[in-house]
Amino acid sequence: MTVKEVTDILEDLAPLSYAESFDNVGLLVGNPSTKVTGILVTLDTLENVVDEAIENKCNLIVSFHPIIFGGLKKLTGKSYVERVVIKAIKNDIAIYSMHTALDNVTQGVNGKICDVLGIKNPQILIPQKESIKKLTTYVPIKDADALRDALFDAGAGNIGNYSNCSFNTNGKGSYKAGENANPTMGEIGKTHYEEETQLSVTFSKAYQAKIMKVLFSSHPYEEVAYEVITLENTDQNIGMGMVGRLQNPIDEINFLNEVKKKMGSEGIRHSKLLGKKIMKVAVLGGSGAFAIEAAMASGADVLITSDIKYHEFYKAEGKMIIADIGHYESEQFTKNLLVDYLTKKIPNFAIRLSESKTNPIKYL
Ligand SMILES: [Zn+2]
């Protein structure tokens, strides 16, 4: 398999177009056409992780966090980032990062935390904006069925549990072909009227490139009239954080102790306890202060996240518990999630869960 073939499989799980705009995801180092000898899955790509890849003949590192985040202007080996990149290039090792693309899918970082904590029927906490597009095009009535089916096959027309959703209305289109045109119907220099179907479908932005390709290849006209717009509607399957319920209500101290044990936290920093049972739980792996308001609005009894600052703990307002379980701890099972996923998709392939320690935070 090539690097591209493996990363295409990872894109099926977490399309890169779902990543946040500030992020740096995808293939950061390496060539997509390189043959993969083995895959090493890690949370962070540090030098010891590249060493582990070399030792185990893995020439593709699948990393949750991107090692190159801001601009990289020099490669002199002065910083740990530069040393990692230099070592990877010298040893022909590719690095692919998923980060917020994997944060924003239901089977990603937060779905995994929900699995580990036994949270049932979790829903996305903050659905991503501008993730749904709508295509409208105009096609001769006799060609509408074929075009519609081709668009469905490319991923258009899915709304919740429904597929093949479209809206169609027939009317009369007009055009006059110019001197250099090669019209499928009508004549050059004469206004032509054609019975057409106005066909509308919605689709997730992850499919946009594929859908545009299909539109142009399946539409009979030389010049395709179409509009693509971004909708305000949100997709309940794409977004940050998740919220769901426990099987049974549990005392808050017992719950936090259980979280500590299951997530391997060395210490949980939390806002004041409220003396009530925990039933509804919001989770957001990684830095989650931005989700405090959404978690409170969802009616969660507790938000499990990390990187909460002093003043941010006040935002709980005595209505919810904010629990900071540690950044690494909150995301660590993402490695297992990726190894399980890849093993299922490409069995009999060398896929390795990194054993290198990458958490930069130590506890006394
Ligand atoms: Zn993180």
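Below: a short report on this structure. (Residues numbered from 1 in each chain as written. Predicted model: local features only at pLDDT ≥ 70, side-chain atom pairs only at ≥ 80, totals over all residues. Heavy atoms only, no water.)

### Examining the overall build of the protein chain
Counting secondary structure elements, the protein chain contains twelve helices and 15 strands. Structurally, the protein chain occupies a C-alpha span of about 85 × 55 × 40 Å along its principal axes. Buried positions account for 49% of the 364 residues belonging to the protein chain. At a minimum sequence separation of 6, the contacts of the protein chain that also span at least 24 residues come to 72%. Summed over its atoms, the accessible surface of the protein chain is roughly 18,800 Å², and 49% of this surface lies on carbon and sulfur atoms. (Helix = DSSP H or I, 4+ residues; strand = E, 2+ residues; numbered from the N terminus. Buried < 20%, exposed > 50% of the residue type's maximum accessible area, 1.4 Å probe, protein only. Contact = heavy atoms within 4.5 Å. Areas by Shrake-Rupley, 256 points an atom, 1.4 Å probe, with all protein chains shown as cover.)

### Quick word on the coordination of the zinc ion
H65 (NE2), H327 (NE2), E331 (OE) and E331 (OE) make up the full set of protein donors to the zinc ion, lying at 2.1 to 2.4 Å. Around the zinc ion sit four donor atoms, and with donor-metal-donor angles ranging over 56 to 123° the site reads as irregular. When the donor residues of the zinc ion are listed from N- to C-terminus, their spacing reads H-x261-H-x3-E. In this pair, H65 is assigned in the loop between β3 (60-63) and α3 (80-90) and H327 in helix α11 (residues 327-331), connecting sequence segments 262 residues apart. For H65, a relative accessible area of 15% corresponds to the buried category. (Donors = N, O, S within 2.8 Å, 3.2 Å for Na, K, Ca; no water. Tetrahedral: all angles 85-135°; square planar, octahedral: opposite > 155°, others 65-115°.)

### Section: the environment of Y193
Here Y193 is to be found in strand β8 (residues 191-204). For Y193, a relative accessible area of 52% gives the class exposed. The residues contacting Y193, other than those within four sequence positions of it, are K172, G173 and S174.

### Some points on the environment of A209
Relative to the helices and strands, A209 resides in helix α7 (residues 208-218). On the accessibility criterion, A209 (64% relative accessible area) is exposed. Taking the C-alpha atoms as reference points, A209 and G299, 90 residues apart in sequence, are found 38 Å from one another.

### Here's the deal with the sheet that holds strand β2 (residues 39-42)
Taken together, five strands build an open sheet; the order of strands is β1-β4-β3-β2-β15 and the sheet is mixed. Strands at the two margins of the open sheet, each flanked by one partner only, are β1 (26-29) and β15 (351-353). Each neighbouring strand pair of the sheet contributes to a mean axis angle of 25°, computed without reference to strand direction. Relative to β3, β2 runs parallel, the two sharing four bridges. Bridging across to β3, I39 finds its partner in L60. The strands touched by helix α1 (residues 3-13) within the sheet are β1, β2, β3 and β4 (94-97), with β4 carrying the most contacts at an inclination of about 10°. Along the sheet, helix α2 (residues 47-55) makes contact with β2, β3 and β15, crossing β2 at roughly 155°. (Pairing = 2+ DSSP bridges. Axes fitted to C-alpha atoms, helices over the stretch in contact; angles between N-to-C directions.)

### Side note on the side chain of N359
In this structure, N359 sits in the segment after β15. A residue is classified by how much of its surface remains accessible, and N359, at 15% relative accessible area, is buried. Among the polar contacts listed, one links the side chain of N359 to the side chain of E329, at a separation of 3.4 Å. At 3.0 Å, the side chain of N359 forms a polar contact with the backbone nitrogen of I361. Sequence-distant contacts of N359, that is, excluding residues within four places in its chain, are made with Y328 and E329. (Polar contact = N/O pair within 3.5 Å; in protein donor to acceptor, adjacent residues only side chain to side chain.)

### Comments concerning the layout of surface pockets
Estimated volume of the largest pocket: approximately 930 Å³. Lining the largest pocket are 31 residues, with Y18, S204, A206, Y207 and D235 positioned closest to its centre. Every element with two or more residues in the lining of the largest pocket is listed here: α1 and β8. When the residues that make up the lining of the largest pocket are grouped by side-chain class, the tally is twelve nonpolar, 13 polar and six charged. (1 Å grid on protein atoms, 1.4 Å probe; cavity = no way out; pocket = protein on both sides within 12 Å on 5 of 7 lines; lining within 4 Å. Points joined across faces, edges and corners; volume = space filled by probe spheres on them. Nonpolar A, V, L, I, M, F, W, Y, C, P; charged D, E, K, R; others polar.)

### Focus on the side chain of T137
Looking at the element boundaries, T137 is found in strand β6 (residues 132-140). Its relative accessible area of 0% is what places T137 among the buried residues. Polar side-chain contacts of T137 include one of 2.9 Å to the backbone oxygen of A225. In this structure T137 touches L147, T197, Q198, L199, L215, H219, V224, A225 and Y226, once residues within four positions along its chain are discounted.

### So, helix α8 (residues 252-262)
Restricting attention to buried positions, one finds in α8 the residues E252, F255, L256 and V259. Looking down the long axis of α8, one finds its buried residues gathered within 95° of arc, a one-sided arrangement. Those residues of α8 that are buried are in contact with α5 (109-117), β10 (239-251), β11 (269-270), β12 (277-287), β13 (302-306) and β14 (321-324). Residue G264 follows α8 closely and has a positive phi angle near 65°. (Arc of directions from axis to C-beta.)

### Describing the sheet that holds strand β5 (residues 119-127)
Note on sheets: strands pair through backbone hydrogen bonds, and any given pair is parallel or antiparallel. Taken in spatial order, the six strands line up as β5-β10-β12-β13-β14-β11 in an open sheet, and their pairing is mixed. Pairing within the sheet leaves two strands with one partner each, and these edge strands are β5 and β11. Looking at chain direction, β12 and β13 are connected through four bridges and run parallel. Each bridged residue has a counterpart across the sheet, and for V283 the counterpart in β13 is I304. Together, β5, β10, β12 and β13 form the strand contacts of α5, whose direction differs from that of β12 by roughly 140°. Contacting β10, β11, β12, β13 and β14, α8 crosses the sheet at an angle of about 125° to β10.

Geometric descriptors of this kind do not, in isolation, establish any biological role.
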